[in-house]
Amino acid sequence: MRKLFFFVTILLLAGWNSNAAEEEIKRVYLVASYTQEDVCGKPQEEGILRGLSKEGWFEGMNLQVERYYMDTKGTHTSPEAMKREGQNALQGIAAFSPHVVIVLDDNAFREVALPLAGQKNVSVVFSGLNGPPESYNEQCPFMQTRQHPGGNITGVYEKLYINNSIRVIQRALPNHPGHKIVGIIDATATGKALEKQFFLEMKALPAGLHWEFETVGTWREYMQLIKRLNRDEDVLAIYPIALSLPAKKGVTYTPVDIFAWTIAHSTKPEMALNYFFSKLGLFGGAAVDFKSMGSLTGKKAGQILNGTSAGMLPIENAPDYAIVFNVTRAKQLGIEIPAPLLTAADHIYK
């Protein structure tokens, strides 16, 4: 009888542990604005998984992650196509019934996060938002303040650290005769958000420096602009953040193509938006650390899974930037980066 009681007890405990394990499995649905291998989205996603793990959540163990990639840079580039992709993602969310939805970058935030605002059965965490949260809040109220959102949405704002980047590029080019930095954006909603963010972040420029913006709507316009800037001796550096450019026959150029052509044809050093852009060949500067930004996003998602309300977690700026240089590009441009600055760099690419 004792043996029988012992085995029954073991079976009951095993069943209880099995049910407990099943109850501990949580679901996260990740919606990325771009593709799985995108140079903006991929490091954020890697950081998110790292942040989740720091809160005790591991994909394949106690966490199930479903993903949807909207591909709004290369394929679904029109406002109508983005909205359709958003609807597809929302249908996937309804079927998956996640505890937390994570959205990467502005297009996913606009088309997926905002429609979920105010829903009590799901929390949303965003990463890589370029448009100021206050601007989106005017379109669709989702927060009380950044410090205390109060609803079901929180996240990480992609602060670009423009002033830091300008100071780094100035120190990297101490003997360059130019005095003008030209930012290049595309005509997409993300491009407009980036432009607005630039003006919000921009403080007084160092003495002798001037900033200009150029908007390009097509690949042809971009090529023409680069050639014109090459001839302008006043240009110290360019900040190329035109990331989706339509061309002929329905082709759309994305960062890998745009940067490859820029490196081959531009004679001006490029400030890099994030350090993966420098890895692709751009000159560098002070760039957003996308993995670090993703890690903070994942941490917030993990805190929600652990019982904290999204509305109690503040909306924060991207926590860090990295000083990066591509020394092959510097050599191609005939630039010798001062040794103290190169030594202080977080990442050096060849």
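See above for the structure.
This write-up is about the structure you can find in this document. Predicted model only: the values in this text are computed from it and were never measured. (Residues numbered from 1 in each chain as written. Predicted model: local features only at pLDDT ≥ 70, side-chain atom pairs only at ≥ 80, totals over all residues. Heavy atoms only, no water.)

1. Description of the packing of helix H8 (residues 219-230) against helix H9 (residues 255-265)
Inference 1: Following both chains from N to C, one finds H8 and H9 inclined at 25 degrees, their axes separated by 11 Å at the closest point. Taken together, the axes of H8 and H9 are roughly parallel relative to one another. Where H8 crosses over H9, the two elements pack in a sense that is right-handed. Residues Trp219, Tyr222, Met223, Ile226, Lys227 and Asn230 of H8 pack against Asp257, Ile258, Trp261, Thr262 and His265 of H9.
Inference 2: Of the residues contributing to the contact of H8 with H9, the split by class is six nonpolar, three polar and two charged. (Axes fitted to C-alpha atoms, helices over the stretch in contact; angles between N-to-C directions. Helix = DSSP H or I, 4+ residues; strand = E, 2+ residues; numbered from the N terminus. Parallel < 35°, antiparallel > 145°, perpendicular 65-115°, else oblique. Left-handed = near helix turned anticlockwise from the far one by under 90°. Contact = heavy atoms within 4.5 Å. Nonpolar A, V, L, I, M, F, W, Y, C, P; charged D, E, K, R; others polar.)

2. Things to note about the pattern of salt bridges
Two side chains carrying opposite charge are able to pair once their charged atoms lie near each other.
Inference 1: This model, assessed by the stated rule, comprises 14 salt bridges.
Inference 2: Ionic pairing is found between aspartate 38 and lysine 73, a salt bridge with its closest N-O pair at 2.9 Å. On the criterion of sequence distance, the pair formed by aspartate 38 in the loop between strand E1 (26-32) and helix H2 (41-54) and lysine 73 in the loop between strand E2 (63-69) and helix H3 (79-96) is long-range, its members being 35 residues apart. For the residue pair aspartate 38 and lysine 73, the accessibility class agrees, reading buried in each case. (Salt bridge = Lys/Arg side-chain N within 4 Å of Asp/Glu carboxyl O. Buried < 20%, exposed > 50% of the residue type's maximum accessible area, 1.4 Å probe, protein only.)

3. Regarding the sheet that holds strand E11 (residues 284-288)
Strand pairing in a sheet relies on backbone hydrogen bonds, with the paired strands running either antiparallel or parallel.
Inference 1: Taken together, the three strands give an open sheet; going across it, the order is E11-E13-E14, and neighbouring strands pair in mixed fashion. Strands with a single pairing partner mark the edges of an open sheet, and in this sheet they are E11 and strand E14 (347-349). Taking the axes of each pair of neighbouring strands and ignoring which way they run, one obtains an average angle of 30 degrees across the sheet.
Inference 2: Along the sheet, helix H6 (residues 162-172) contacts E11 and strand E13 (321-326); its crossing angle with E11, the most-contacted strand, is approximately 165 degrees. (Pairing = 2+ DSSP bridges.)

4. Observations regarding the sheet that holds E1
Inference 1: One open sheet accounts for six strands, arranged E2-E1-E3-E4-E5-E12; its pairing is parallel. Strands at the two margins of the open sheet, each flanked by one partner only, are E2 and strand E12 (316-317).
Inference 2: Inspection of the sheet shows E1 paired to strand E3 (residues 100-104) by five bridges, in the parallel sense. Each bridged residue has a counterpart across the sheet, and for tyrosine 29 the counterpart in E3 is valine 101.

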